[in-house]
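# Architecture and fold: a report
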Amino acid sequence: MSGDDPRHIRIVSGGPMMVQGPVRIEMPDGAVIESDRFMVAICMCRRSKTYPLCDTSHRRRERICDDPSVQRPA
C-alpha cells in the first residue's frame, strides 16, 4: 500500500473498529501505541484492559435484542 492509498477501516456493530495496519496511535496524554499487525482492532466500548487496543471485553456483556419475537432462554 502506498502513502496515497486510503486506509481500510471497518466498524463492527457492537465491537471494535478494524483498521488496516500497521498503525501508530497517539493518545490524548501523548503516549504512543504502535502495532505492526496487518489489521488492528481499536476498542470502541472502552472496556478493554489494553485500551485503545481491543481485548474482546465487549463480548462479556449481555446483548440487547430489540426484536420482541426473539425468545430468551429462561
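Residues numbered from 1 in each chain as written. Predicted model: local features only at pLDDT ≥ 70, side-chain atom pairs only at ≥ 80, totals over all residues. Heavy atoms only, no water.

- Under an unreviewed UniProt entry, the protein has the name Iron-binding zinc finger CDGSH type domain-containing protein and belongs to Mycolicibacterium helvum.

### Brief notes about the overall build of the protein
- Scanning the protein from N- to C-terminus turns up zero helices and five strands.
- Going residue by residue from the N terminus, the α and β elements of the protein occur as β-β-β-β-β.
- A buried classification covers 22% of the 74 residues belonging to the protein.
- Contacts in the protein between residues far apart in sequence, at least 24 positions, make up 22% of those at least 6 positions apart.
- Total accessible area on the protein is roughly 6,100 Å²; 51% of this is exposed by carbon and sulfur atoms. (Helix = DSSP H or I, 4+ residues; strand = E, 2+ residues; numbered from the N terminus. Buried < 20%, exposed > 50% of the residue type's maximum accessible area, 1.4 Å probe, protein only. Contact = heavy atoms within 4.5 Å. Areas by Shrake-Rupley, 256 points an atom, 1.4 Å probe, with all protein chains shown as cover.)

### Considerations on the sheet that holds strand S5 (residues 39-42)
- Here three strands make up an open sheet; going across it, the order is S1-S2-S5 and the pairing antiparallel. Looking along the sheet, the strands with just one partner apiece sit at the ends: strand S1 (9-11) and S5. Ignoring strand direction, the axes of neighbouring strands in this sheet form an average angle of 20 degrees.
- Sheet topology note: the strand S2 (residues 17-20)/S5 ladder contains four bridges and is antiparallel. In the sheet register, Gln20 faces S5, and the bridge partner there is Met39. (Pairing = 2+ DSSP bridges. Axes fitted to C-alpha atoms, helices over the stretch in contact; angles between N-to-C directions.)

### Notes on the pattern of salt bridges
- Tallied over the full model, the rule gives two salt bridges.
- A salt bridge links Glu34 to Arg24; the shortest N-O distance between them is 3.2 Å. Taken together, the residues Glu34 in strand S4 (residues 32-35) and Arg24 in strand S3 (residues 23-26) connect sequence positions ten residues apart.
- Here the salt bridges share partners, and the residues they tie into one network are Arg24, Glu26 and Glu34. (Salt bridge = Lys/Arg side-chain N within 4 Å of Asp/Glu carboxyl O.)

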